[in-house]
Structure formats: structure tokens, C-alpha cells
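As a plain string of letters, each chain reads:
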Amino acid sequence: MKKNEISIQEKQPLLLTTGEPAGIGMDVVLLLAAENKLQDFQRPIWVTADATAMQTRADELMATGALKRCPTWQTINIDTDDVNTEHLTKQVTQQNADADHAFILLNIPCAAPVSCGQINISNSAMVAKQLEIAHTLATNKTAAAIVTGPLQKSALIEAGIKLLDGTMFSGHTEFFMQQSGCEKVVMMLANQAMKVALVTTHLPLKDVPAAITSDNVRQTVQIVVDDMREKFGLMQPRILVCGLNPHAGEGGHLGVEEIDIINPVLKEFIKAGVDISEAMPADTLFTPKHLANCDAVIAMYHDQGLPVLKSHGFGDTVNLTLGLPYIRTSVDHGTALDLAGRGGASATSLYQALVMANEMADRSIVNRPLA
Ligand SMILES: NC(=O)C1=CN([C@@H]2O[C@H](COP(=O)(O)OP(=O)(O)OC[C@H]3O[C@@H](n4cnc5c(N)ncnc54)[C@H](O)[C@@H]3O)[C@@H](O)[C@H]2O)C=CC1
Ligand SMILES: NCC(=O)COP(=O)(O)O
């Protein structure tokens, strides 16, 4: 082995959360496992799920013919009451990965039996527990990266699960941000056609304008610039920014956020040598002419940027969180309750999310300073 090269045995696992047990999270893991695709990463794959529900889902998918063979996995029963201590890390790292199995299942029991496509909010605490465990193992670097399957936000909200600051649960992005003590993180979705980062995430549309503050725009741009360098290796990323209003405010006649808030911040970055535009009309920014010369787009809100991106590759897109102290990627789709256990789910987005997490983890090993 060359100096500074890391052996497969030394590589840390990718930790995959299956999310909502009534949705397709377990299906897509099983589909990849059955095709031996979880072995492409040369790393152990750890999967959080309810062990009984996983076996039942495998049986259901076998019955539909979606699984041609049933993959095998190794189950570890962990003490889920004690997830914030070294206790958890010891429990999982003391297990020897068995090469004959597609993945290691960290068993997080559901409170109620799982029925495909039927949300039961009694199981929402188990979904939140998966995220807590993932956060703990990524923070202490036991896991190289977190890759999340889909959860049903409404189920966690209706179960009364809150973020650390006591506000309503709104998504993985906000959950991991608060758990990590970050003031700000950035949601980015990426596919072959484009990368789109968002200034605001899961907010009612009526609350968006108030959230477009100088600080929010400044922090978003800084995180995008830093992580395009660190996570994608793009040292001088070319960034285009959407305005908030139609025609980027039409010179102030259709809204003033561009003049009062967005452009003054963007000018600071331009002056500092960052390759970034001033606020552009979002309807013409997302055209091939502009996208051809751009590494990332910053959109002001969720449904300004994501429908355009998903229309260019739903199923082949990765959702990632920039600005966290660890790597987190995710599928681009939701729980698809209509498909759970039926065999129609595509696992391509999960595969792409694993590829991206693995590449970022490998890059962070290469970039790690020599002791
Ligand atoms: N990463 C996450 O945790 C995400 C969670 N969600 C949550 O998922 C729930 C349902 O959201 P929806 O808007 O209905 O979106 P959805 O992505 O679950 O479903 C939209 C449509 O796409 C289809 N679809 C989704 N994933 C597919 C796959 N892998 N293969 C084939 N077809 C697929 C579904 O059958 C449905 O017709 C919501 O609670 C939402 O918050 C949505 C997006 C991401
Ligand atoms: N549209 C992406 C999405 O809603 C997923 O959000 P998160 O759970 O990754 O924060």
C-alpha cells in the first residue's frame, strides 16, 4: 500500500437511515442490497431500521417479484435508550462486520407493527431516534457520513416531535443543524444538470420574505462557496443567484428585496473576488445559456429552485446539507406511501446519494492533514 493510502478495513462506514417505516426507505435499501450495489463503496454499510419490519418488507418484495433474491444482513440490537454516549459507539464498533452480509442493521424497534403505506404516528419516535443515532455516530466520526432515507414530516409533527429549540419538526436539514449547534446550514440538491442551494428551506411561502435577511443571504453564500471548495473540490465556483421577486424586482417596481437586501450582500462577495452574480430573474436564470456557465444556483426558497431541478432528473438527484460538521446526503424523493412494499420504487437516488457521500468521505480522507 502507498504511503497515506487508507485500507478498506480502516474506512469508516456509511450510515444509512431508512426513515419512515411505512414508506419506501427499507424497499430501496433492499433493492440495492439484492443487486450487490451496496458493495460498490468498499466501506461497511450500516442501516438503521426495525429488524422485524425489514424482514417483513423483504418478504413482501420477494412476493411481488421486485426482489429476485433476498439479501442477507447482520443485525445488531442496540440500547436505544442511551444514544448520546460512548456506550452506543462501543456497541456498534465492537461488532465484526461479516463480509457475507450486504449490510449491518442497527435494530431500532418500532413501537407498533408496520403496515406498508399506512402512517402510524406511534412509530415517529423511532424515526427521530434514527436521526439522533446517526448524528451521534457522525459527530464522533464513527461513521464517515450519513445518508438519509425519506421520512414523513407530517407524522413527526403530529406525534409532537420537536427540534432542539422546541419548535416544530420540519426536516432532516433543520434537525441536524440544531443537533450540531450550527447557526445556519444550507440545503442543496444536485444532479447532472445543476446544483441548487436554498436560502430558506421548509417555511410557509408567506414567511419567506421576512427570512430573506442580509445575514441569511451572506451566510448562505459563504457556506456554498466554502463547501463547493471543500466537498466538491471547486476552488473558484461560479454561482448564479435568483432574485426573490418576478424579474428580480423589475428595478424596484415589483419588490425591493433585491435592491435593499440581496444585491448589497452579493456585491460584498463580488468585491472579495467570488465569481457570483447579482440577483437574476429566476425564470431566465434556469435556461441552458446560463446553466452552462454555472456551478451552483442559489434560489431564495424551496419551490423556486427545486421544481426546476427535479424536472431535470427526479430519481437521479441527491439532497445534501452544506455547513454541517459532517457529511450528510439524502434521497431526492419522499416516502412514496403508494409504492411501499409493492415493488415500484426506484433506488437510483439512494444509490447516487451513497456515491456522493462516499466520494466526499474519500476526499476528506485525502485532505486530512498528515499527523
Ligand atoms: N428526504 C426526505 O425525507 C423527504 C421527505 N419528503 C416527505 O415525503 C412525504 C411525501 O411527499 P410527496 O410530496 O408525496 O413526495 P414523494 O416523493 O413521496 O412522492 C411523489 C411521487 O413520486 C413517486 N416516487 C417517489 N419516490 C419514488 C421512487 N423512489 N421511485 C419511484 N417513484 C417514486 C411517488 O410514488 C409519488 O407518485 C412528505 O411527508 C414529504 O415531507 C419529501 C421529500 C424528501
Ligand atoms: N425537498 C427536500 C426535502 O424536503 C427534504 O428535506 P430534509 O428532510 O432533507 O430536510
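What you see is a predicted model, and the numbers here were worked out from it, not measured in a lab.

K.L.:
Before we move on, can you summarise the site of ligand 1 with the specific residues and values?
P.N.:
The local shell around ligand 1 holds 18 residues, among which Leu-151, Gly-334, Ala-336, Asp-338 and Ser-346 are the closest. Within the side chain of His-333, a nitrogen or oxygen atom sits 3.5 Å from a nitrogen atom of ligand 1. The separation between an oxygen atom of ligand 1 and a polar side-chain atom of Asp-338 is 2.8 Å. The class makeup of the residues in the shell around ligand 1 is 8 nonpolar, 8 polar and 2 charged.

K.L.:
Quick rundown of the site of ligand 2? Include the residues and the values.
P.N.:
Every residue lining ligand 2 is accounted for by Lys-153, Gly-171, His-172, Thr-173, Met-187, His-202, His-302, Leu-306, Asn-319 and Arg-328. Separating an oxygen atom of ligand 2 from a side-chain N or O atom of His-172 is a distance of 2.7 Å. The separation between an oxygen atom of ligand 2 and a polar side-chain atom of His-202 is 2.9 Å. Protein chains shield 88% of the accessible area of ligand 2, which is 300 Å² for the free molecule. Inspection of the shell around ligand 2 shows a minimum of three residues originating in each of domain 1 (1-182 + 324-371) and domain 2 (186-321).

K.L.:
Explain the packing of helix α1 (residues 25-34) against helix α2 (residues 51-64) to me, using residue names and the numbers behind them.
P.N.:
One way to put it is that α1 packs onto α2 with a least axis distance of 10 Å and a crossing angle of 65°. One element, α1, and the other, α2, form an angle in the roughly perpendicular class. Between α1 and α2 the crossing geometry is right-handed. For the pair α1 and α2, contact is made by Met-26, Asp-27, Val-29 and Leu-30 and by Ala-53, Met-54, Arg-57, Ala-58 and Leu-61, respectively.

K.L.:
Could you give an account of the domain arrangement of the protein, with specific residues and numbers?
P.N.:
Taken domain by domain, the protein consists of domain 1 (1-182 + 324-371) and domain 2 (186-321). Between the C-alpha centres of domain 1 and domain 2 the distance comes to 29 Å. Contact with domain 1, which involves 22 residues of that partner, is made by 19 residues of domain 2. Both faces considered, domain 1 and domain 2 share a buried interface measuring about 1,700 Å² in area, 53% of it formed by carbon and sulfur atoms. When the buried area of domain 1 at its contact with domain 2 is split by residue, Thr-173, Asp-332 and Met-356 rank highest and sum to 33% of it. Our count for the contact surface shared by domain 1 and domain 2 stands at 0 salt bridges.

K.L.:
So what's going on with the pairing of strand β5 (residues 145-148)? Residues and values would help.
P.N.:
Neither face of β5 is open: one carries Ala-145 and Val-147, the other Ile-146 and Thr-148, and all of them are buried. Relative to β5, strand β1 (residues 14-17) runs parallel, the two being bridged by 4 bridges. Directly across from Leu-14, in β5, lies its bridge partner Ala-145. Where β5 meets strand β12 (residues 327-331), 4 bridges bridge the pair, whose relative direction is parallel. Each residue of the ladder has a partner; that of Ile-146, found in β12, is Arg-328.

K.L.:
Can you lay out helix α12 (residues 302-311) for me, pointing to particular residues and giving the numbers?
P.N.:
Each α-helix winds once per 3.6 residues, and so residues spaced three or four apart point in a common direction. If you check which residues of α12 are buried, you get Gln-304, Gly-305, Leu-306 and Leu-309. All buried residues of α12 lie within an arc of 165° about the axis, which places them on one face of the element. Residues Asp-303 and Ser-311 are exposed on α12 and point more than 90 degrees away from its buried face. Where α12 terminates, the next one or two residues include Gly-313, which has phi positive at roughly 150°.

Here is what the cut-offs are and how they apply
Residues numbered from 1 in each chain as written. Chains lettered and ligands numbered in written order. Predicted model: local features only at pLDDT ≥ 70, side-chain atom pairs only at ≥ 80, totals over all residues. Heavy atoms only, no water. Near = heavy atom within 4 Å. Polar contact = N/O pair within 3.5 Å; in protein donor to acceptor, adjacent residues only side chain to side chain. Nonpolar A, V, L, I, M, F, W, Y, C, P; charged D, E, K, R; others polar. Areas by Shrake-Rupley, 256 points an atom, 1.4 Å probe, with all protein chains shown as cover. Domains from an automatic or database assignment. Axes fitted to C-alpha atoms, helices over the stretch in contact; angles between N-to-C directions. Helix = DSSP H or I, 4+ residues; strand = E, 2+ residues; numbered from the N terminus. Parallel < 35°, antiparallel > 145°, perpendicular 65-115°, else oblique. Left-handed = near helix turned anticlockwise from the far one by under 90°. Contact = heavy atoms within 4.5 Å. Buried area = accessible area lost by both parts, 1.4 Å probe. Salt bridge = Lys/Arg side-chain N within 4 Å of Asp/Glu carboxyl O. Buried < 20%, exposed > 50% of the residue type's maximum accessible area, 1.4 Å probe, protein only. Pairing = 2+ DSSP bridges. Arc of directions from axis to C-beta.

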